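Analysis of the macromolecular model
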Amino acid sequence: MVVVTTPTQLSRRTVLKSAAVAAAAVGAPLRFFNADAAAAPASKGIFGYGVASGDPTANAVIIWTRATPPAGSGQPVATPGSGLGSPVPVTWELAADKQFTRVIRRGTVRTSAAADHTVKVDVDELSPYTRYYYRFRALGETSPVGRTQTAPDEAGTVHALRLALVSCSNYTGGYFSAYRTIARRTDLDFVLHVGDYIYEYGNGADRYGPAALVGKRDGQPATETIDLRGYRLRHALHKADPDQQAAHAQHPWITIFDDHEVANNTWDTGAENHTPGAEGDFFQRRQQAYQTYLEWMPFRMPDQQSVPHQGTQFFKRFTFGALGDLSVLETRQNRSQQVDAPGSKTTGGGFIPGADPVTAAKLSDPNRHLPEPEQLRWLQDEVSTPRPWHLVGNQVVLAPVRFPGQAFGLPAGSVLVNSDQWDGYQADQSALIAHLGAQPRTNGDVVVLTGDIHSSWAIDIPADLATYAAVNNSVGVEFVCPSVTSDGFYEIVAGASPGVPTEGQVIATRAVTGAVQGMSPWVRYLDGVGHGFTLIDVTPQRVQADFFHTPTPTTAQPDPRVVPTGVEPTLAISWQTLAGTRKVVPAATPIGARSDNPRTAAGGGAVGGDQGSDQRDGRDDNGSNQGGSNQGGDRADS
Ligand SMILES: [Fe+2]
């Protein structure tokens, strides 16, 4: 059995980066000559960071860009995070066709350094399940054209529903081949990113990713992101990436942050990777991270929601006619601090022995929460509403998972849990699972869509672990997508076994993941080698998950993530859950053609008459204040 490290050293983050840091330490000297990558588009025109859209509903969609003002002669460029640059009036257009011969909506907003020159418009009064194109204009320049659509959401109607599930896109971890593949698809309703869109680490000793990319794909800023300038630059780095840009321009995205958008393994008052004092005040840091997230992501501003809530309500829900709904959870802002192993220096949780009475009592303490009680109730209420499918966008694995201590250098038979997952909050976990089990079939079925653990899973969610093997008492299912680039089980094993041929490291990885399944037999599928994404397709009859993986590493190509072009994820395996079964089973055939497609928008005649009244400086034409002026950051930690 492969020894990874000792459990007292194990936080999830520590485990997942240890291999890369070890490799970097013996690799090439650190160089930062790629450090201008995030700032480069600012010198290449007004719309160098591309366009994006997101949070599609039946009648509205967010459109986004950054409008960099041109530098005056002798003046510095208004790079992201710089606070520099004059206000910019930006006109936006949304049309039925990509040539913009049939413009449907148009307006003008004004952005400024207060919003890092980002532009976000919530375009409403649109038609459901309809294709649109959008672009921006400012100071004589025109942005690239974005393609978007409204949600397949019409009362009483079933439309096709298809999404790409992604998480854990570490810039220094590799090229975004998954995004490149997703950008070429034309059959998605949206991309669902469930967290770790950025990572906060720097390029030094805390660098996270393969040593082969040192100097070729470095983070910016070069140091850990801890303030507004740093987070803005890091988000800009992602929006400067060509694969990321293409995927945003092609599809609307529904996103939610996990921990790394702030710092590793955050809880309500701190984080594993935050040092109070040396890295400032945690709440100020988190407020600046959230502000940047709201500026740079096509995320509908959260003050439009109404559930009573501690802090900002980031969790959100989307509906899809007679087919189902998607509840997107947010599980960091209000979570209780993770349980650490007794005597350990670990902070922020991780893989810990969970069996001793003291630790077990902490893990199941009903006063400790992952989502705050209001959010858990909000989810439970929806699950009790009759709909064929209840999809749940979720950050950390919900299903109980028992990890074999033997794989982590402990005696055979010892058991670890990951206390940063729902397993670390067993009162909430049990309450939710019991609630799922109590629902009559007429309320439909629950499919949890998760990321975080940098590996691919298809899981039954058992009502009771002890009797699962005998009676399969699964109450719902969970599909977990692989990371886009972040280190997974294979990288951990490879880092812990230098000198072993790549093929042997792959075999050893599969032994580890096989041992996890052996201890948790409700984990019906687990791959710890491939990176990529999961295609999720929903019909009244089933929800299918097609896992797309990068090629299996070989001696000739031990890390496909470091190849700039040509190494893209392809279909690896298909799993599904049939309506009414609440279990996962293999699917015999890959996801096929959609049953129907979004409509082409009609119209274009009314915009001319509306245009004059739309020209309101600083306001979009819906009368909201989302166009560029300090977009919600003030409220992020209220
Ligand atoms: Fe991650």
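Please refer to the structure higher up on the page.
Residue positions within a chain follow its written sequence, with the count starting from 1. Confidence filtering applies because this is a predicted model: local features only for residues at pLDDT of at least 70, side-chain atom pairs given and counted only at 80 or more, and all residues used for totals across whole chains, interfaces and linings. To get the side-chain values, take all heavy atoms of the structure and skip hydrogens and water.

**Some thoughts on the side chain of T485**
Elements are defined by DSSP. Helices are runs of H or I of four residues or more, strands are runs of E of two residues or more, and each kind is numbered from the N terminus. As for its placement among the helices and strands, T485 is situated in the loop between β22 (474–480) and α10 (489–496). The term polar contact refers here to a pair of N or O atoms within 3.5 Å; inside protein, the definition further demands a hydrogen-donor-capable atom paired with an acceptor-capable atom, and it admits residues adjacent in sequence only when both atoms are side-chain atoms. Separated by 2.7 Å, the side chain of T485 and the backbone oxygen of N170 make a polar contact. The contacts of T485, once residues within four sequence positions are left out, are C168, S169, N170, G173, G174, Y175, F176, H531 and R561. In this description, contact between two residues means that some pair of their heavy atoms is separated by no more than 4.5 Å.

**A closer look at the packing of aromatic side chains**
How two aromatic rings sit relative to each other is given by the distance of their centres and the angle of their planes. Only centres within 6.5 Å qualify two rings of Phe, Tyr or Trp (six-membered ring in Trp) as a pair; their planes then separate them into stacked at under 30 degrees, edge-to-face at over 60, and tilted for everything else. Tallying each qualifying case throughout the model produces 26 aromatic pairs. Considering the side-chain rings of Y525 and F547, the 5.2 Å spacing of their centres and the 55 degrees angle between planes classify their relative orientation as tilted. Taken together, the residues span a long stretch of sequence, with Y525 in strand β23 (residues 523–527) and F547 in strand β25 (residues 542–549) at a distance of 22 residues. We note that Y525, like F547, is buried. A network of ring pairs unites the aromatic residues Y171, F176, Y179, Y197 and W253 as a single cluster. Of note, R217 hangs over the ring of F176, and the distance from its end group to the ring centre comes to 4.7 Å. For a ring to carry a charge above it, either NZ of a lysine or CZ of an arginine must fall within 6 Å of the ring centroid while also lying within 35 degrees of the normal to the ring plane. A cation over a ring is seen here: R317 above W378, with NZ or CZ 3.9 Å from the ring centre. A 1.4 Å probe rolled over the protein chains alone gives each residue an accessible area, and that area as a share of the maximum for its type sets the label: buried under 20%, exposed over 50%, partly exposed in between.

**Here we look at the pairing of β25**
In terms of burial, β25 is a largely internal element, eight of the eight residues being buried. Side chains of β25 alternate between two faces, with R542, Q544, D546 and F548 and V543, A545, F547 and H549 buried alike. Each pair of strands is called paired provided DSSP finds at least two bridges between the two strands. Counting the residues in the hairpin turn of strand β24 (residues 532–538) and β25 gives three residues. Pairing geometry for β25 and strand β26 (residues 570–578), over eight bridges, is antiparallel.

**Topic: the environment of L228**
Structurally, the position occupied by L228 is in helix α3 (residues 228–240). The spacing of L228 and G83 is 145 residues in sequence and 9.9 Å in space, taken between C-alpha atoms. Filtering out sequence-adjacent residues up to four positions away, L228 remains in contact with Q288, Q291 and T292.

**Some details on the coordination of the iron ion**
For Na, K and Ca the donor cutoff is 3.2 Å, while for all other metals N, O and S atoms count as donors only within 2.8 Å; water does not appear among the atoms, so some sites may look incomplete. Around the iron ion, the donor atoms from the protein are C168 (SG), D196 (OD), Y199 (OH) and H454 (NE2), and they sit 2.1 to 2.4 Å away. Seen from the iron ion, its four donor atoms lie at angles of 83 to 169 degrees, and the figure they make is irregular. Sites are called tetrahedral only when four donors show all angles between 85 and 135 degrees, square planar or octahedral only when four or six donors show opposite pairs over 155 degrees and all other angles between 65 and 115, and irregular in any remaining case.

**Quick word on the sheet that holds strand β9 (residues 161–166)**
Strand pairing in a sheet relies on backbone hydrogen bonds, with the paired strands running either antiparallel or parallel. As summarised here, the arrangement of the 10 strands in space is β5-β2-β1-β11-β10-β9-β24-β25-β26-β27, forming an open sheet in which the pairing is mixed. Unpaired on one side and paired on the other, β5 (118–123) and β27 (585–586) mark the two borders of the sheet. Angles here are taken between N-to-C directions and fall from 0 to 180 degrees, while the axes themselves are lines fitted to C-alpha atoms, restricted in helices to the stretch in contact. Contacts between helix α4 (residues 242–250) and the sheet are confined to β1 (51–54) and β11 (252–255), with β1 contributing the most and set at about 50 degrees to the helix.

**Considering the packing of α3 against helix α5 (residues 282–296)**
Remark: α3 packs on α5, axes separated minimally by 9 Å, with the N-to-C direction vectors making an angle of 30 degrees. Classified by the angle their axes make, α3 and α5 are roughly parallel. Like other packed secondary-structure pairs, α3 and α5 cross with a definite hand, here right-handed. Of the residues in α5, those touching α3 at L228, Y231, R232, H235, A236 and K239 are R285, Q288, A289, Q291, T292, Y293, E295 and W296. Broken down by class, the residue content of the contact of α3 with α5 amounts to six nonpolar, four polar and four charged. In what follows, roughly perpendicular refers to angles from 65 to 115 degrees, roughly parallel to angles under 35, roughly antiparallel to angles over 145, and oblique to any angle outside these ranges. What makes a crossing left-handed is the near helix being turned counterclockwise from the far one by less than a right angle; a clockwise turn instead makes it right-handed. Residues are grouped as follows: Ala, Val, Leu, Ile, Met, Phe, Trp, Tyr, Cys and Pro are nonpolar; Asp, Glu, Lys and Arg are charged; all remaining types, including Gly, are polar.

By themselves, these figures tell us nothing about what the structure is for.
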